[in-house]
Amino acid sequence: MAEQHLGYREVIPDQSALVQWRNITIDTGAAQSTLQDIKVPEYGGGYTFTPLSHNRCLFWRVCHDVVELWEESLDHDFCHNHVQLRFADTPVLEGLSVHETRQYVYILLATVSSVHRIRLPHPHTTQSRPQSILSDLTFQTLKEYHHLYILNSTAAAAGEGLPHTAGTHLMEGEGGDAVFVLGQTGGTLLVVKMIDQPYSVFTEIIKNASLMNRLFTGFVPGMFRGMEGCETVTSLVIKELAGDVVAVGVCRDGKVRAWSCSRLQCVLAHDTLENTAEAGRKLNPGAQRHQIRSHGQGESTVLGVFLNFTEKHLLVVYQPTVNLGQVTLTHVKTLYPPQYDLVDFSLTSSYIWTLWTDANNETQLLYAPVNSVEESKDPPGFSSVVLESPPEKEVPLTDPFLDPREVYLRELFMPNRFSAHTLRKALGIYRRSVDFSSVGDRVMWRLKEEVEAALRDQVEARLASNLSEEEVSQMTLEAWATFYSHTLQYHQVGHKPVGVVGGGGDRLVGVVRKQVVSWVRPMDALEVVALAPLESLSVAALDGVLSEDAVVSAAVVALAKPLRKVRQMLPLEVAAAFTLDLHHLQPPDQVGASITASLLADSATLSTTLGQQLASVSGLVAGLWAYLHALQLDMGMPDALTLENGISSSPGSLAGALSGRAGAAVISAVVSQVAKVRLELCRDLLLLQQVALHLGHQCRLTPDAAAQLRSTLLPKTALLTQAYFALLHVSTTAAIQPTQATLEAGRRQFATLSLSDGPGVVHNPGRPATVLQLFFLSSGGDQARALVRPSLDDSTGTGYPDCGWARLLMPLATTVAQLAWPISRCLVLVEWLVWGGQHGAVQEYVRLLQPWCEWNSCSRKFLLGVALLNQGEATKAARLLLAALEGVVTEDFLGVKVAGGGQETLPDQLRVMYCLRVIRLLEQSGQPALALQVAQEGVAMASSNHPSMSALYSVVFKHHLELNHHDEAFTALLACPDQHRRRNCLRQLIVSLHDRKCLTTLVGYQYGSLESDVITILENRARSADILVNNYYDLLYAFHINKHNYKKAACVMYECALRLNVEGVGEKGLRQQAKCYLACLNCLRHIPPQQAWILKPLPKLTDGEAEEDWQNGRRYSKTQQRRRISCSSTDPAATTGEGVGADTH
């Protein structure tokens, strides 16, 4: 966070994973009573690995004799990354530190009776297969990585006391040599040097600062010496200065002392008060101890000293230097923190981050710049970080149509609300034996089922037969409220802070809590205006941020006060009702008008106060316009938020930035925070504008300004309110885990529509996530990174941009929000929802946008239709798909992506192409009737000479035929202009009618010019089919008889008889053959005698048979092959069948 930012805010990512700790016990040989001899503070911390683009951290929490270590990455997903080290009966001192070399990561820590060095592989050694450096740390492997040295008890026996604080340091270089300095209660320091090659350990003791002090301490009783143990070190850090290892500590007397670990002597004793306004005063020590922290190496080292006195707190910043072996401190600045209880503080290159607990036991995170730079916009003193608000103590039941059980379940299992650990502990009050070891990532789903079952059992156990329905409802409500209260209490305990982490060159700051790590991110200007203390807002700080005009900036700052007043006067129930009205699609301006009238009627003081505040604003309308302009995520250009080239990946190291589940959870949480703040700001702006219209002249509102409010500003504010409500809904809606069948159906539909770029679906989302989080994990993240990439400069000199936390987080979150912004032509989110199996989310999202959002309205109908089609509501889907037809020409998604048209494609052609794609989609889903409906719609709108008309008629014919609409299918066949398609359709019609035994229908149609095609098709089918199974000869005979073509009918029957002579079996075949001959003779009697003859058909010979016939001399002249069959009664051949010759027909 080296850049200047307006403010900072905490963000808490996904907490749905139930952590499984690997427990490792380390025996230090300490006595069991050691734990009771000394109390050590509980603390936490973290270390950010380099290079910073990895966004990878190692965190720890220390409580008594237990050290919890875990590694997190925003770019990768880790497993087996939580280890719990238990040092048997030995409290762990503060001073745990992490250091890295090229090959290894070292963890250094000290206990009351031992020092430890744990060596782990460096993260870059696992880049080919990203995994946690803790994944291989077990009890067996710890023997190879762990070096332990047990301290002797001679120092304690000599009256020096037990260690109570420590500092650890890894020597520069690749050797892995470590230095431990332990502060003992007697005032001495124990120095332990652990050399790696060869392994050896040296211990030394540094006595008090001077000989006279040691004599004075040894001979003068404590009651006459004044402060007992004034030189006892309360906090230590170790730094390398000018080639020497120096331990710098703050003592009980408030002085900073430094000791050379090589010369074993004190090289600095500095009174910290001499650089402050309290110089010369005697301040009394407070209840807390003094503490010291450091940042940087060598000449860039900075020391921060916290001094706790009863009168006040001080935080002094120094820069140490070494001159002739003596350490001197250069005073940088002095800060005066509030009178809170310090939990921890940390230094970075730009800021001091301090973590406190105030008098109300609430957490406060304050920061201040390290250096006083005149051109900096940072205030000189401490500024507060906006921390995440705790959940409400009571759940508002504002929706009368929802069961209280559903309301409480939604609140309890809302993403990022309560952790799985908290819910499990609350459930433990009701059920002690719930096994979650086998559920994997489905912990939250299992917890939800168990919570419902537990509370249902509790209510049923209290039911009595004489209870009314209202009493049962009240009992159920009390049970859920009690469980929510238990959950809230465990949540507060789990979020108790234990440390603040500032690392990675100011790019990443986090707060370590008992159960979770939260991150600190920069705020945008609107968040600062809405959340920062009013006294910290200034025109100078916001100048050029929301407006380039100083007058407008002043109006923006002045409007912050009445906006904050409106928010304070708005009851929680009314705010919840406003949100509920938005959910029920009520117009925001009308809802705001009723709320404003109610507030002003109830409080005359509010009217007076707001009137005075609005009257003092110079340029009210310009200030409101500045707010609305800043609220537009599309920057007033909704058509610009598109992905013209279908970007799917980003180059360089940016491709994997924040691509892990933790990174996606942070992005989703940030978008949710931004959407919620801006929604509340839009609501307050609505109410404030309604107040201005109500008060009129009281707030000096001119008629022109009032007209502009009514005609322009209020409608614009209402539009933005609805847009941010939809964005908040997407960022907080829990995603479902689609089945593999659902995903496969989506892929088939995607291929059916011939869409170019895939949705990039996360096939196994695992634990619950928001819809926006899964979108970012799939194609949305790649698209956002690709869009952000050009705006980031190459500040690292490596050819790709710096992917650090502060530089990437907010631009990436803003880009994701823009991809989900309803007021734009961009549809990537809704597309992903459809193809990703989030069909319920699609329906709700489209419902929220339908009454007011005119952008992509038809495209949303199409995508909603696809979603409904997948949910089995095919009729509704077809209606929506047809309704979307009107947007094919105006919306690029439908015209270009779905229909496959181009810039020069005519509107009529676009519509027909769209219809064909929809028809394919409905056919693929097994809906022929609906596909027919769409095809008929396409026929009705297309011109008769349209090139795709044949395809539409073919579809109409196909589905009429599938639905047994034979007459309609025949009509569509005749109307088809393409001869080839018409012939294919005719073949399908003939085969289908024959298979369905609709022979009368087939024969009775008037085919006209297609009659020859019908005969050809029937003859081919007759000759190719098995005559004993499908006898097409009978159908062909009936067709010729119906057309009074007796000669052809006779030919058909004679050919059938010849085939039966060869293929027929037994008596049945002979009987059929005889019937064929009789039918043939009967037909010939119906024509004149001179024409009553036919050609005898011969089978086609193979090449071998033809060669054999040639060799045998079986040759016939063409005149011999044509023999007439006379039907005269005087011709013997007519009755005996003799004289039938070969025919080449």
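Criteria and cut-off values
Residues numbered from 1 in each chain as written. Predicted model: local features only at pLDDT ≥ 70, side-chain atom pairs only at ≥ 80, totals over all residues. Heavy atoms only, no water. Helix = DSSP H or I, 4+ residues; strand = E, 2+ residues; numbered from the N terminus. Buried < 20%, exposed > 50% of the residue type's maximum accessible area, 1.4 Å probe, protein only. Contact = heavy atoms within 4.5 Å. Areas by Shrake-Rupley, 256 points an atom, 1.4 Å probe, with all protein chains shown as cover. Core = buried A, V, L, I, M, F, W, Y, C linked by side-chain atoms within 4.5 Å. Pairing = 2+ DSSP bridges. Axes fitted to C-alpha atoms, helices over the stretch in contact; angles between N-to-C directions. Phe/Tyr/Trp six-rings, centres within 6.5 Å; stacked < 30°, edge-to-face > 60°. Left-handed = near helix turned anticlockwise from the far one by under 90°. Nonpolar A, V, L, I, M, F, W, Y, C, P; charged D, E, K, R; others polar. Patch = residues over 30% accessible without salt bridge, like charges linked within 9 Å, V, L, I, M, F, W, Y side chains within 5 Å. Salt bridge = Lys/Arg side-chain N within 4 Å of Asp/Glu carboxyl O. Expected span 1.5 Å × (residues − 1). Arc of directions from axis to C-beta. Lys, Arg positive; Asp, Glu negative; His and termini not counted. Polar contact = N/O pair within 3.5 Å; in protein donor to acceptor, adjacent residues only side chain to side chain.

*Asks:* Requested: an account of the overall build of the chain, with residues and values cited.
*Replies:* Tallying secondary structure elements over the chain gives 39 helices and 29 strands in all. Evaluated residue by residue, the chain yields a buried proportion of 52% over its 1145 residues. Taking the intrachain contacts of the chain between residues at least 6 apart in sequence as the baseline, contacts between residues at least 24 apart amount to 64%. Counting every atom, the chain has about 50800 Å² of accessible surface; 51% of that belongs to carbon and sulfur.

*Asks:* I'd like to hear about the nonpolar core, residue by residue, with values.
*Replies:* Formed by 218 residues in total, the largest nonpolar core has its most connected members in Tyr 627, Phe 862 and Tyr 914. If you tally residues by element for this core, the top one is helix 17 (residues 661-695), at 19 residues. Not counting residues within four places of it along the chain, the set of residues in contact with Phe 862 comprises Leu 753, Leu 881, Ala 884, Phe 893, Leu 894, Val 898, Tyr 914 and Val 918.

*Asks:* Can you lay out the side chain of Thr 752 for me, pointing to particular residues and giving the numbers?
*Replies:* On the secondary structure map, Thr 752 appears in helix 19 (residues 740-752). Given a relative accessible area of 12%, Thr 752 falls into the buried group. Other than its neighbours up to four places away in sequence, Thr 752 contacts Arg 920, Leu 921 and Gln 924.

*Asks:* Quick one: what's the story with the sheet that holds strand 5 (residues 66-73), residue by residue and with numbers?
*Replies:* With mixed pairing, five strands are arranged side by side in an open sheet as 2-6-5-4-3. Single-partner strands in this sheet number two, and they are strand 2 (22-26) and strand 3 (43-48). With direction set aside, neighbouring strand axes in the sheet form an average angle of 20°.

*Asks:* Hey, could you go over the packing of aromatic side chains for me, with residue numbers and the actual values?
*Replies:* Taken as a whole and assessed by the stated rule, the structure comprises 27 aromatic pairs. Between Phe 59 and Trp 519 the ring centres are 5.8 Å apart and the planes differ by 70°, which places this aromatic pair in the edge-to-face class. With a gap of 460 residues between them, Phe 59 in strand 4 (residues 56-63) and Trp 519 in strand 29 (residues 517-522) connect regions that are remote in the sequence. Assessed through its relative accessible area of 1%, Phe 59 is described here as buried.

*Asks:* Describe unusual backbone geometry, with residues and values.
*Replies:* Put simply, Gln 197 and Pro 198 share a cis peptide bond, and its omega is -15°. Topologically, Pro 198 is positioned in the loop between strand 13 (189-195) and strand 14 (200-206). Backbone geometry at His 80 places phi at a positive 55°, although glycine is not the residue there. The residue His 80 is located in the loop between strand 5 and strand 6 (82-87) in this model. Overall, His 80 belongs to the exposed group, its relative accessible area being 53%. Even without a glycine there, the phi angle at Leu 264 is positive, about 55°. Among the structural elements, Leu 264 can be located in the loop between strand 17 (255-260) and strand 18 (265-271). Residue class for Leu 264 comes out partly exposed when judged on its relative accessible area of 27%.

*Asks:* Please set out helix 6 (residues 404-412) residue by residue, giving values where relevant.
*Replies:* Turning to helix 6, its buried residues are Val 407, Tyr 408, Leu 409, Glu 411 and Leu 412. Those residues of helix 6 that are buried are in contact with helix 7 (420-427), helix 8 (443-462) and helix 9 (469-494).

*Asks:* Give me the packing of helix 28 (residues 928-941) against helix 29 (residues 949-962): which residues, what numbers.
*Replies:* Their axes nearest at 9 Å, the elements helix 28 and helix 29 cross at an angle of 150°. Of the two elements, helix 28 crosses helix 29, and the hand of that crossing is left-handed. Seen from helix 28, the contacting residues are Pro 928, Ala 931, Leu 932, Ala 935, Gln 936, Gly 938 and Val 939; seen from helix 29, they are Met 949, Leu 952, Tyr 953, Val 955, Val 956, His 959, His 960 and Glu 962. For the contact of helix 28 with helix 29, a count of residues per class yields 10 nonpolar, four polar and one charged.

*Asks:* Any chance you could break down the sheet that holds strand 10 (residues 146-150) for me, citing the residues and the numbers?
*Replies:* Taken together, the four strands give an open sheet; going across it, the order is 7-8-9-10, and neighbouring strands pair in antiparallel fashion. With one partner strand each, in any of the chains shown, strand 7 (97-100) and strand 10 form the two edges of the open sheet. Looking at each pair of strands side by side, their axes are set apart by 15° on average, direction ignored.

*Asks:* Requested: an account of a nonpolar patch on the surface, with residues and values cited.
*Replies:* Residues Leu 1028, Val 1029 and Val 1065 make up a contiguous nonpolar surface patch of roughly 310 Å² in combined accessible area. For Val 1065, the position within the fold is in the loop between helix 35 (1046-1063) and helix 36 (1066-1084).

*Asks:* Help me get a handle on helix 14 (residues 588-602), residues and values and all.
*Replies:* For helix 14, spanning 15 residues, the distance from its first C-alpha to its last is 21 Å, which sits close to the expected 21 Å at 1.5 Å a residue. Listed as buried for helix 14 are Pro 588, Val 591, Gly 592, Ile 595, Thr 596, Leu 599 and Leu 600. All buried residues of helix 14 project into a common sector of 155° when viewed along the axis, lining one side. Set apart from the buried face of helix 14 by more than 90 degrees, the exposed residues are Gln 590 and Ala 601. On the buried face of helix 14, the contacting elements are helix 12 (550-569), helix 13 (572-583), helix 15 (604-615), helix 17 and helix 18 (703-732).

*Asks:* Describe in detail the side chain of Asp 75, supporting the description with residues and values.
*Replies:* Tracing the backbone shows Asp 75 in the loop between strand 5 and strand 6. Of the buried charged residues, Asp 75 lacks a salt bridge, with Arg 785 as the closest side chain of opposite charge at 7.2 Å.

*Asks:* Give me the environment of Gly 175: which residues, what numbers.
*Replies:* For Gly 175, the position within the fold is in the loop between strand 11 (163-170) and strand 12 (178-184). Along the sequence, Gly 175 and Thr 101 sit 74 residues apart, while their C-alpha atoms lie 8.9 Å from each other. Not counting the four nearest positions on each side in its chain, Gly 175 is found in contact with Tyr 106 and Asp 196.

*Asks:* How would you sum up the pairing of strand 22 (residues 326-335)? Please name residues and give values.
*Replies:* For strand 21 (residues 313-323) and strand 22, the ladder comprises nine bridges, and the chain directions are antiparallel. Bridge pairing links Gln 319 to Thr 330 in strand 22. A loop of two residues connects strand 21 with strand 22, the two strands running antiparallel in sequence, and Leu 324 in this loop sits at a positive phi of about 55°.

*Asks:* Report on the packing of helix 22 (residues 828-835) against helix 23 (residues 839-849), specifying residues and quantitative values.
*Replies:* The contact between helix 22 and helix 23 brings their axes to 7 Å, and the two run at 145°. In this structure, helix 22 meets helix 23 at a crossing whose hand is left-handed. Contacts from Val 830, Leu 833 and Val 834 in helix 22 reach His 839, Ala 841, Val 842 and Tyr 845 in helix 23. Each residue belonging to the contact of helix 22 with helix 23 can be placed in one class, and the counts come to six nonpolar, one polar and no charged.

*Asks:* If you had to explain the environment of Thr 905 to someone new, which residues and values would you point to?
*Replies:* Within the secondary structure, Thr 905 is located in the loop between helix 26 (892-898) and helix 27 (907-924). Those residues in contact with Thr 905, other than ones at most four positions away along the chain, are Leu 910 and Met 913. A distance of 2.8 Å separates a polar atom in the side chain of Thr 905 from the backbone nitrogen of Gly 902.

In short, the description is geometric, and any link to function would need to be established separately.
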